[in-house]
Amino acid sequence: MRFPSTRFLTMNVKFTGMAIAAAIAAALALAYWPAPDGGAPDAATSAPGAPAGRSLESYLSIDASPVADAAPMPVTLAQQLARLAASGKPEDAYAAYNLLDDCISFEKERRLPGLEFELGREMTAQEKAAQQQLCAGLTQRQREERLGYLATAARAGVPGAATIFLSEGPFGDRSALRNRPDDPLVQAWKRQAIAQLTAQADEAELTSVSTLMMAYLRDGEVVQKDAPQAYGYLLALRQVYDDILAPGVTNPYQDEYWHWLQAELTPEQQAAASARAQAIVAKYRQHAGRAAHG
């Protein structure tokens, strides 16, 4: 069993919607869960319930007030971060993390894979120039503050943030999971990461449900294999996607792909997993304004 790379997972968190998430989910059983010392995520996509995707235009116009008959002055990265921080909103903390993460990604690749995925095309020269202008003032202090913004968002339950928090690794160092597994700080980070994901999964935040399902499918450096947990999250995803997929679209979580997982469980474990799934599905339908059923 292999799982999605960190880059693929984080792209799924920042920009895609339900339909795209469903389309890629069928590959979960064959994909790869990231090695803990892999590179930091470069870009990401949006999971169900996540804030709307960002654009380069929005980067340069946050709170900008154009003067009549004059071109608006671009808002600098520092100004945007200051305004986001001043709001005190966890969603704005997540936006600040994303601004900085995108600048770090652009600095390395001279492009934003996540934005190109959202647009369905490569960035134009003008868009790259705008991104370059935005990120030119990136400082070391801002780099260091980046994970603090993410932690704030994850603690507050901003959709998608808990999954990115996990993918970043302890304090931004995934190698610590392998090199310092007994470090009390690393142990505390792991407990925090799983607690955040579990709380969000219980609220039917689908990115967290999917992340935990994949994590519990095998022994790893954050959690040990727990087939009943994995199956409970799988059942929840199966029922939710039955609700949201268009007629005729194959549900990637159906038994055709996952019967082997059910076979590992006792009848009692299957019943407990089903009860957990029903609670998550009921919460999802409540959020979606639908009546619970079957």
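Please refer to the structure higher up on the page.
Cut-offs and rules
- Residues numbered from 1 in each chain as written.
- Predicted model: local features only at pLDDT ≥ 70, side-chain atom pairs only at ≥ 80, totals over all residues.
- Heavy atoms only, no water.
- Helix = DSSP H or I, 4+ residues; strand = E, 2+ residues; numbered from the N terminus.
- Buried < 20%, exposed > 50% of the residue type's maximum accessible area, 1.4 Å probe, protein only.
- Contact = heavy atoms within 4.5 Å.
- Areas by Shrake-Rupley, 256 points an atom, 1.4 Å probe, with all protein chains shown as cover.
- Disulfide = S-S within 2.5 Å.
- Phe/Tyr/Trp six-rings, centres within 6.5 Å; stacked < 30°, edge-to-face > 60°.

Student: Is there a simple way to explain the overall build of the protein chain in this structure?
Tutor: Looking only at helices and strands, the protein chain features 15 helices and zero strands. For the protein chain, the residues scored as buried account for 46% of the 294 residues in total. For the protein chain, the proportion of contacts with a sequence separation of at least 24, taken over those separated by at least 6, is 71%. Accessible area for the protein chain stands at about 13,700 Å²; split by element, carbon and sulfur atoms hold 55% of it.

Student: Mind showing me how you'd approach the state of the cysteines here?
Tutor: Two cysteines form a disulfide when their sulfur atoms are joined by a covalent bond. Per the counting criterion, the structure on display carries one disulfide. Disulfide pairing is shown between Cys 103 and Cys 135; the S-S distance is 2.1 Å. One quick way to see it: the torsion about the S-S bond of Cys 103 and Cys 135 is about -80°, and its sign makes the bridge left-handed. Residue Cys 103 is found in helix α5 (residues 90-109), and its partner Cys 135 is found in helix α7 (residues 125-135); the two are separated by 32 residues along the sequence.

Student: I'm lost on the packing of aromatic side chains in this one. Help?
Tutor: Considering all chains together, one arrives at five aromatic pairs under this definition. On the basis of an interplanar angle of 10° and a centroid distance of 6.5 Å, the ring pair of Tyr 216 and Tyr 233 is categorised as stacked. In this pair, Tyr 216 sits in the loop between α12 (206-215) and α13 (227-244) while Tyr 233 sits in helix α13, placing the two residues 17 residues apart along the sequence. Residue classification places Tyr 216 among the buried residues on the basis of a relative accessible area of 9%.

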